[in-house]
Amino acid sequence: RIGHGIHGTSQKLERLAQLAKRSSMFDDPAQEVAELSAVIKQDITALNTAIAELQNHAARNASNKQGADHSVTVVDTLKTRLMGATKAFKEVL
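Trainee: Just to check I follow, could you spell out the overall build of the chain for this structure?
Mentor: When its secondary structure is counted, the chain shows 3 helices and 0 strands. Listed by position from the N terminus, the elements making up the chain come as α-α-α. Here the C-alpha atoms of the chain give a radius of gyration of 17 Å, more than 25% beyond the 12 Å that 2.2 N^0.38 yields for 93 residues. The buried share of the chain, taken over its 93 residues, is 24%. In the chain, 76% of the contacts between residues at least 6 apart in sequence involve partners at least 24 apart. Put simply, the chain shows about 6,500 Å² of open surface, and 55% of that area lies on carbon and sulfur atoms. On the chain, the mean spot of the 12 positive side-chain charges and the mean spot of the 10 negative ones are 6 Å from each other.

Right, here's the structure in full:
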């Protein structure tokens, strides 16, 4: 679920980047840029919350070292992907 959310946010970022590059006197995408930026901010906040909840859940339910290590790896991978999307968002703005 979180991975799909990060992917969807990345796609929205691609659209935002396209809109930001497009400049024309007759086709000003400012409103769409503002709306999409707000949606992406909400997505990033929700994904950060979901990752924190997953991390807490994994920490509480780790029954052995191998399971705990796997959970840490999964959470770290999701965090890295989300940090990449967040960085891309800041670059587009």
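Trainee: Would you take a moment to explain the pattern of salt bridges for this structure?
Mentor: Note on pairing: side chains with opposite charge can pair once their charged atoms come close. Within this structure, the stated rule accounts for 3 salt bridges. A salt bridge links lysine 12 to aspartate 43, with the nearest nitrogen and oxygen atoms 2.6 Å apart. One end of the pair, lysine 12, is in helix α1 (residues 2–21); the other, aspartate 43, is in helix α2 (residues 30–61), and 31 residues separate them in sequence. On the basis of relative accessible area, lysine 12 is assigned to the partly exposed category, the value being 29%. For the salt bridge of lysine 65 with aspartate 69, the shortest nitrogen-to-oxygen distance reads 2.9 Å. Residue lysine 65 and its partner aspartate 69 are located together in helix α3 (residues 65–92), separated by 4 residues, close to a single helical turn.

Trainee: What should I look at first to understand α2 in this one?
Mentor: Each full turn of the α-helix corresponds to 3.6 residues, which orients residues three or four apart in the same direction. Here α2 is 32 residues long and its end C-alpha atoms lie 46 Å apart, about the 46 Å a rise of 1.5 Å per residue gives. Those residues of α2 lying buried are Leu36, Ser37, Ile40, Asp43, Ile44, Leu47, Ala50, Ile51 and Ala58.

Trainee: Sorry, what's going on with the nonpolar core here?
Mentor: In a soluble, globular protein the nonpolar side chains are often hidden away together inside. Ranked by size, the top nonpolar core spans 16 residues in total, and within it Ile2, Ile6, Ile40, Ile51, Leu82 and Phe89 carry the most contacts. Elements with a minimum of two residues in this core: α1, α2 and α3. Examining the composition of this core, we find that 6 residues originate from one element, α2, more than from any other. With near-sequence residues (within four places) excluded, isoleucine 6 lies in contact with Leu47, Leu78, Arg81 and Leu82.

Trainee: What is the right way to read the side chain of threonine 9 from this model?
Mentor: In this fold, threonine 9 is placed in helix α1. Here threonine 9 is in contact with Ile40, Asp43, Ile44 and Leu47, once residues within four sequence places are set aside.

Trainee: Can you help me understand α1 in this one?
Mentor: With 20 residues, α1 ought to run about 28 Å at 1.5 Å a step, and its terminal C-alpha atoms sit 29 Å apart, in line with that. In this fold, the buried residues of α1 make contact with α2 and α3.

Rules behind the numbers
- Residues numbered from 1 in each chain as written.
- Predicted model: local features only at pLDDT ≥ 70, side-chain atom pairs only at ≥ 80, totals over all residues.
- Heavy atoms only, no water.
- Helix = DSSP H or I, 4+ residues; strand = E, 2+ residues; numbered from the N terminus.
- Rg over C-alpha atoms; globule rule 2.2 N^0.38 Å.
- Buried < 20%, exposed > 50% of the residue type's maximum accessible area, 1.4 Å probe, protein only.
- Contact = heavy atoms within 4.5 Å.
- Areas by Shrake-Rupley, 256 points an atom, 1.4 Å probe, with all protein chains shown as cover.
- Lys, Arg positive; Asp, Glu negative; His and termini not counted.
- Charge placed at Lys NZ, Arg CZ, Asp CG, Glu CD.
- Salt bridge = Lys/Arg side-chain N within 4 Å of Asp/Glu carboxyl O.
- Expected span 1.5 Å × (residues − 1).
- Core = buried A, V, L, I, M, F, W, Y, C linked by side-chain atoms within 4.5 Å.

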